[in-house]
Amino acid sequence: MRNSFLDNISDLLLNYPSFTFGIIVLIILLLLGFGISNFAPSSDLLWGMGNAPYSIPPTFNYPFGTTTNGQSIFWLLTIAIKNSMILGFLTGAISVAIATIMGFLAGRFSNGILGDLLNMIIDSFCVIPGLPVLLVLAFALKGYITVVTISLILSIFGWAWPSKQMRTMVMNLNQKQFIMTSKFSGLSTWEMFLHDYLPYILPWLLIQFLGLVNWAIGMEVTIAIFGITNLSIPTIGTSIYWAYTYQTLLLGQWWWMTFTLILTIFLMLSIYNVSISISSYLNPRTRLIRIQKSVILGESK
Amino acid sequence: MIMKLNVICMSHTKEVKEMENLLEIINVSKQFRSGLYLGTNFKAVDNVSFNLENGEILLLVGESGCGKTTLSNLILGILKPSSGFIKYKGKITSKFRRNEKRSFIREVQPIFQDPYSTFNPFVRIDYYFEEVCSNFGITRSKSEIEQKINEVLNQVKIDTEIKGKFVHQFSGGQIQRLSIARALLANPSLLIADEAVTMIDASLRVGILNILSDLNKLLNLAILFITHDLSVGYYMVELSERTKTVVMYRGTIVEEATGENLFLNPLHPYTRQLIESVPSVDPNKKWHSAMKHAVLELEEFNLKGCKYSKRCPFAMKICEEKEPNLFSVEHSRVRCWLYSDTVDKSIALNKLKKNQ
Amino acid sequence: MNVENIIKIEHLRAIYKISKTSGINALDDINIEMKKGQIIGIAGESGSGKTSLLKVLTHSFPPSMEIKGNVSINLQDKSINLLKLSDSQIQSLCWKVWSYVPQAAMNSLNPMAKIKDIFWETLESHDKTINSYELEKQIENAFEKVGLSKKFLNFYSNRLSGGMRQRVIILLATISRPNIIYLDEPTTGLDLVTQRDVIQLLQSIHNELNNTFILVTHDISIHAQIADLVHVMYKGQIIESALTNEIFHNPLHPYTKNLINSVPIIGEHRGKIEPGIKILSTEMSAQGCKFKDRCQFAMPQCDKYVYTYRLNDHEVKCNLYESH
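Note that this is a predicted model, so its numbers are computed, not measured.

S.K.: Just to check I follow, could you spell out the overall build of chain C for this structure?
M.R.: Regarding its fold elements, chain C presents nine helices and 12 strands. Taking 2.2 N^0.38 as the reference for a compact globule, 324 residues should give roughly 20 Å; the C-alpha atoms of chain C span a radius of gyration of 21 Å, in line with that estimate. Principal-axis analysis of the C-alpha atoms gives chain C an extent of 70 × 50 × 40 Å. Long-range pairs, those at least 24 residues apart, make up 62% of the contacts in chain C between residues at least 6 apart in sequence. About 14,800 Å² of surface is accessible on chain C, with carbon and sulfur atoms providing 49% of the total. When the 35 basic and 34 acidic side-chain charges of chain C are each reduced to a single mean position, those positions are 3 Å apart.

S.K.: Whenever I open this one, the interface of chain C and chain B confuses me. Can you help?
M.R.: When the parts of a complex come together, some accessible area is lost, and that lost area is often taken as the interface size. In this assembly, 51 residues from chain C lie in contact with 53 residues from chain B. Taken together, the two surfaces of chain C and chain B that pack against each other cover about 4,500 Å², and 60% of this comes from carbon and sulfur. For the salt bridge of B:Asp214 with C:Lys272, the shortest nitrogen-to-oxygen distance reads 3.2 Å. On the surface where chain C and chain B come into contact, there are nine residue pairs in polar contact (both at pLDDT 80 or more). Contributions of two or more residues to the side of chain C that touches chain B are made by helix 5 (162-174), helix 6 (192-209), helix 7 (220-226), helix 8 (244-249) and helix 9 (254-261) of chain C. Within the side of chain C that touches chain B, the residues separate by chemical class into 22 nonpolar, 16 polar and 13 charged.

S.K.: Just checking my understanding: could you explain the packing of helix 5 (residues 130-140) of chain A against helix 9 (residues 189-225) of chain A for this structure?
M.R.: When two helices pack together, their arrangement is given by the angle between the helix axes and by the axis-to-axis distance. Residue and element names in this part refer to chain A. Running from N to C, helix 5 and helix 9 cross one another at 60°; their axes reach a closest spacing of 11 Å. By the criterion of interaxial angle, the relationship of helix 5 to helix 9 is oblique. As for how helix 5 packs across helix 9, the hand of that crossing is right-handed. In this structure, helix 5 contributes Leu131, Leu134, Leu135 and Ala138 to the contact, and helix 9 contributes Met219, Thr222 and Ile223.

S.K.: Would you explain the interface of chain B and chain A in this entry?
M.R.: Tallying the contact residues gives 26 residues for chain B and 23 residues for chain A. Both sides of the chain B and chain A interface together cover about 2,300 Å² of buried area, and 64% of this is carbon and sulfur. By the criterion of area lost to chain A, the three top residues of chain B are B:Phe112, B:Phe122 and B:His168, representing 27% of everything that side buries. Linking chain B to chain A there are zero salt bridges. Seen at the junction of chain B and chain A, the total is 10 residue pairs in polar contact (both at pLDDT 80 or more).

S.K.: Teacher, can you tell me more about helix 8 (residues 230-239) of chain B here?
M.R.: Three- or four-residue spacings in an α-helix give side chains the same orientation, since the helix completes a turn every 3.6 residues. Within helix 8 of chain B, 10 of the 10 residues are buried, leaving the element largely enclosed by the surrounding structure. Of all the residues in helix 8 of chain B, the buried ones are B:Leu230, B:Ser231, B:Val232, B:Gly233, B:Tyr234, B:Tyr235, B:Met236, B:Val237, B:Glu238 and B:Leu239.

S.K.: Is there a simple way to explain the sheet that holds strand 11 (residues 327-329) of chain B in this structure?
M.R.: Residue and element names in this part refer to chain B. Spatial strand order, 6-7-8-3-9-10-12-11: eight strands in an open sheet with mixed pairing. The open sheet terminates on both sides in strands that have one partner only, identified here as strand 6 (108-111) and strand 11. With direction set aside, neighbouring strand axes in the sheet form an average angle of 20°. Note: strand 3 (residues 57-61) against strand 9 (residues 243-249), five bridges, orientation parallel. Residue pairing for strand 9: Leu58 is matched across the bridge by Lys244.

S.K.: Can you help me understand unusual backbone geometry in this one?
M.R.: What is expected of a backbone is that most residues other than glycine have negative phi and most peptide bonds are trans. Residues and elements named next belong to chain B. Located in the positive-phi region is Lys89, a residue other than glycine, with phi close to 50°. Within the secondary structure, Lys89 is located in the loop between strand 4 (83-88) and strand 5 (91-92). Classification of Lys89 by relative accessible area gives buried; the value is 5%. Positive phi, normally seen in glycine, also occurs at Asn220, with a value near 55°. Residue placement: Asn220 occurs in the loop between helix 7 (202-219) and strand 8 (222-227). In this structure Asn220 comes out as partly exposed when scored by relative accessible area, which is 30%.

Definitions and limits used
- Residues numbered from 1 in each chain as written.
- Chains lettered and ligands numbered in written order.
- Predicted model: local features only at pLDDT ≥ 70, side-chain atom pairs only at ≥ 80, totals over all residues.
- Heavy atoms only, no water.
- Helix = DSSP H or I, 4+ residues; strand = E, 2+ residues; numbered from the N terminus.
- Rg over C-alpha atoms; globule rule 2.2 N^0.38 Å.
- Contact = heavy atoms within 4.5 Å.
- Areas by Shrake-Rupley, 256 points an atom, 1.4 Å probe, with all protein chains shown as cover.
- Lys, Arg positive; Asp, Glu negative; His and termini not counted.
- Charge placed at Lys NZ, Arg CZ, Asp CG, Glu CD.
- Buried area = accessible area lost by both parts, 1.4 Å probe.
- Salt bridge = Lys/Arg side-chain N within 4 Å of Asp/Glu carboxyl O.
- Polar contact = N/O pair within 3.5 Å; in protein donor to acceptor, adjacent residues only side chain to side chain.
- Nonpolar A, V, L, I, M, F, W, Y, C, P; charged D, E, K, R; others polar.
- Axes fitted to C-alpha atoms, helices over the stretch in contact; angles between N-to-C directions.
- Parallel < 35°, antiparallel > 145°, perpendicular 65-115°, else oblique.
- Left-handed = near helix turned anticlockwise from the far one by under 90°.
- Buried < 20%, exposed > 50% of the residue type's maximum accessible area, 1.4 Å probe, protein only.
- Pairing = 2+ DSSP bridges.

Okay, here's the thing in structure tokens:
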């Protein structure tokens, strides 16, 4: 890349307000989730009994109020954010990795047996109904559920549709003349992937990744509401589950559900904004114009 | 033409004997389906045969839709023939083993029509040159790579620095030269130039054609030169020693000849029309006759008889019924009933005399 | 102003701005008077500014282009100051006074629409009062005149070949019988036979309408075939202008000579044609003649100024003729 990484980031910050908003909120949430959560007292690490007074509204000592069992919602939510984010990013990463490998190979070798076989596999996974199978799997593995296992389970279905799109994009790019030039320059398939295909699929990959993060967070909530997960680990889903099960809203104890939802909304919004602004920045056409401008400005000095 | 089947040796070009067939196209056809549902099949390339010898320049001429691009894709291996086969150095290309495939993509190099899509706009130009050197085992040491790059740049007459530069920093003509330089670096036996100068400004074409002709003479480099412009073709024939011209129309070969014969003595009515259609740079020499207007391309592909019969001013009854064979006439071969010994062509010949 | 002139361009300058301070010079002091009823050819390689000139004349330049100078169009009853028009004024004039066939227009036909719908849409958007039955008759007649079969009207544009599509485009541009027709590289990308067809079509349309054609192409032999006079452009300037016969039999500027000599002629054994100019380098000359870096006749004074030589209607910017 001609411009350095710092140049790109400052460019983004200056010109894309959605990026600025998203990255700031995301950094705050990351700090909360991965920094501040480390200071959580031992009583507030898992859902259970705590030392605080039951169900009190937000005060100075308990900024988000307390649970029905006397735990500080603030600390629990910082851990919940951490776990949900880990879950989301892990699912996103695994799904995108599988989608890229499967989709690229299916697209690159689409006029051969390998391509047809992979395409069949991709289509099968697209068609299998995700939610019922996920619930069954979650129920079957009930004893072994952790953040990591949920990610793995979600990835089984997360990769299929992005993979299909990837295949179409790769098949489109196959027609480009410079792919032929690379082939007759002796480049291997991997090198062509890096240099010729990646610049064009990168923005899409990022959108998919961040979209999958949000999707995973949402799916986790779904599984949790059904109760088919390890209900003692604080996540956004389990927080909603317990706040609902203890009927806190009916009892007028608005703080538990409200703060959970506010944090969730901010999390998903920030991820969304970062994704659209980066992908707009990396869009091949705008990128080319930027490179050309910088070259002309450089040459005219 | 005597075709020799030789013992295959995919080694260095200079070891292959002279006057042997580098590329053989044998009864190649390619069928496509047009239209999504109720589409028709048509043959973009219909039973085409010709040979390209070592160090020879073969001009493939025809208008868009005649099948020349399909043919070049078939040769490069992008498409597979529906019937017939293509032989490179005596071996059938669709049956290549792995190492033969690797040799092929080094020895046969393409030059594409659009300079700006030949190279990836996000990649440095010199990256391609470095890759050619290292991937084809030409050399690995940095200094030798630089030396080789300078050599080929010299051969294409580029004197500006290319290090670290991208495609859009060069003009179209420069990129075509760079494209040739990149191909040269691989030490090829055959260049496939598909409309290589069509998108270059008319005044700059000559420079690139000179380079190609020099390379052909210097390195005994065979070139398959595809073009729709006969004046460009004639220039290449004029400059070079061993050339052959093949004219295609709607997927079939209508005329072929060696050297200047086709240009100075065109036989097929279509070839004549092509030559007449070259705009003269003398304002006093303007076109006389108007053309018969074309019907839909697809209809012409599926004609029972001669594919040119709908546009031909000399079309006879037999032309619409039966496709002519390839007749040998002096230095040429023509696919036209006007040159058959057995057909009654008195009416048509009268028209011909009137025209001349 | 001469009543015969339909367009007058005075001191036209255009700059593509990249940043607040820097930009690329597209047009540098253009002065042309175009007479009514002629086919005016503008020749030059890519980057010479010919497309930019058309963009200014058709008022389709991007907002990042800064334009100075004066362009006026003279019609029978009024004179229009082109650069000072508002968007709505342009919209109303666009179809009636001029029409524009941009580069590669044949590739921009809507593939999802039938040919007759394309005509219908275009004509309706410019003239709401048109009667549909009249319109169909008009289009059918036009088609027959140019030798396109009536059945093509019901086809989608992707079924037609490139040449046929180009004929449709030209028809679209001429059906309203505008005073001026601008054409940007109408034959580039077409094979020889189709090219000849299109040129002959343009000639016949011009004979019938008797309006003004402005034809921009890098292919000098096209100009020889159809243009009445030619302006040769290089790096944003007009370096030579003359009537067609004059410029081809007596070219003065070294660049023009090179343009004409680079065309191979079948049957003539001229041997190797050496490009009479040095290979393009990316240096930009600031003062004096813009061609001096590539000119084999460059003299020291070419660094400082350029002499404009005029003889009758033949004008050339070259210091070689300073002493004439």
